[in-house]
Amino acid sequence: MPVDRADAPLYVRGSSLELLSKCGLSWFLQQRAHAEGARGSAVVFGSAIHALIDGVTRGELDATPESMTARLREVWNEAGYDAAWQSHRDFEQALMAIGRFLHWHTARTDVRVASEVGFDRVVEILTPSGRGELLRMRGTIDRIEIADDGTVAVFDFKTSRGVITQAEAREHAQLRYYQYAVARGLLDARAGETGIAPLRPGGAELVYLRLDAGRGDTSNPKTLGQPPLEGEREEWATGVLGGGLDIVRSEAYEAVKGKHCSFCAMHLVCPLQPEGRVETA
Ligand code: SF4
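About the cut-offs
Residues numbered from 1 in each chain as written. Predicted model: local features only at pLDDT ≥ 70, side-chain atom pairs only at ≥ 80, totals over all residues. Helix = DSSP H or I, 4+ residues; strand = E, 2+ residues; numbered from the N terminus. Expected span 1.5 Å × (residues − 1). Bend = angle between axes of the 7 residues up to and from the residue. Buried ≥ 20, exposed ≤ 12 C-beta atoms within 10 Å, placed from the backbone. Contact = placed C-beta atoms within 7 Å. Core = buried A, V, L, I, M, F, W, Y, C linked by C-beta atoms within 7 Å. Domains from an automatic or database assignment. Pairing = 2+ DSSP bridges.

Peer 1: Just to check I follow, could you spell out helix H9 (residues 233–250) for this structure?
Peer 2: Since there are 3.6 residues in each turn of an α-helix, residues three or four apart along the chain are aligned in direction. Over its 18 residues, H9 extends 24 Å from the first C-alpha to the last, a length consistent with the 26 Å expected when each residue adds 1.5 Å. Of all the bends in H9, the largest measures some 30° and sits at Gly242. Buried within H9 we find Ala237, Val240, Leu241, Gly242, Gly244, Leu245 and Val248. Against strand E1 (10–11), helix H1 (14–22), strand E2 (112–126), strand E3 (132–146) and helix H7 (173–183) lie the buried residues of H9.

Peer 1: Just checking my understanding: could you explain the nonpolar core for this structure?
Peer 2: Nonpolar side chains tend to gather and get buried jointly when the protein is soluble and globular. Membership of the largest hydrophobic core comes to 59 residues, with the highest contact counts inside it found for Ile49, Val152, Val154, Tyr178, Ala181 and Leu187. Here this core gathers at least three residues from each of two domains, domain 1 (1–34 + 110–281) and domain 2 (38–107). If we skip the residues at most four places from it in the chain, Val152 touches Ile144, Ile146, Val182, Leu187, Leu199, Arg200, Pro201 and Gly202.

Peer 1: Explanation requested: the domain arrangement of the protein chain in the structure shown.
Peer 2: Accessible area lost upon the coming together of the parts serves often as the stated size of an interface. In terms of domains, the protein chain is made up of domain 1 (1–34 + 110–281) and domain 2 (38–107). Inter-centroid distance (C-alpha atoms) of domain 1 to domain 2 is 24 Å. At the junction of the two partners, domain 1 supplies 14 residues and domain 2 supplies 17 residues. Counting only elements with at least two residues in the side of domain 1 that touches domain 2, the list comes to E2, E3, strand E5 (200–214) and strand E6 (217–226).

Peer 1: Please clarify how the pairing of strand E4 (residues 151–158) should be interpreted in this entry.
Peer 2: If a strand is regular, its side chains alternate between the two faces of the sheet. For E4, a buried count of seven out of eight residues is recorded, marking the element as mostly surrounded by other parts of the structure. Where E3 lies against E4, four bridges are found, and the strand directions are antiparallel. Across the sheet, Arg143 pairs through a bridge with Phe155, a residue of E4. Here E3 folds back onto E4 in antiparallel fashion, the turn holding four residues, of which Gly150 has a positive phi close to 90°. Two elements, E4 and E5, share seven bridges in a ladder whose sense is parallel. Bridge assignment links Phe155 to a residue of E5, and that residue is Glu205.

Peer 1: Could you clarify how one ought to interpret the environment of Asp82 in this entry?
Peer 2: Note that Asp82 resides in the loop between helix H4 (65–75) and helix H5 (84–106). A residue is classified by how many C-beta atoms lie within 10 Å of it, and Asp82, with 10 of them, is exposed. With 62 residues separating them in the primary sequence, Asp82 and Ile144 have C-alpha atoms 35 Å apart.

Below, the structure written as structure tokens:
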């Protein structure tokens, strides 16, 4: 019996698309078998920071270090840590990350901004095998900025220590997924709120709050940009989205080794890793 119903649209999270395009097995274990990796403290860290950022962007929290520190104390969950010293260390790092965000955010004046922007709609995608496949596109974008001409800049806040290259950011599947959602009109409800229509992709950016911008700038976070998804958009959709849907529909979840293995939480059950071969033997 197939894991995904044959008569229903497939659901692939934008945040998991990058993984699906790199290693089908890791994607399946995490997205369909719901195997858990060791990421409790990372979740605590990321959740706390995203909650504070959302509060500031919506104007519900003062954009001051004092206000943010007080709120961080309220939402911080030590239970996600194995040891108190780890929690204290990450609390300090969270304060630094929030400081970078505040600096970056308060410099972005005169922008029409929205936080935690959700979308959810079924769209048809042409797959590389030539079939039309229904995809349920659903997600929440950390931040968007809407310009007067209807272009939408997409931002994704990262709280991990790992960083990708600028070349990888240009092709980053999660950012492309969000830009494609804009292009297909999935955020057009926002157009109604602003009176600006139609909305169209205006580029995307990864914002690494745990890292300095570099080159002497210790106040701002590191950012990596992606150009607007324009002429090549359907070609991208068929290749990456459609290619991913072909894998999910065929359930051919192969392990594929690469640089991404360094960040994979599924080492212990992976047949291509020495520790996985022992565990599964
Ligand atoms: S360790 Fe590498 S090959 Fe194995 S499941 Fe993870 S990403 Fe795939």
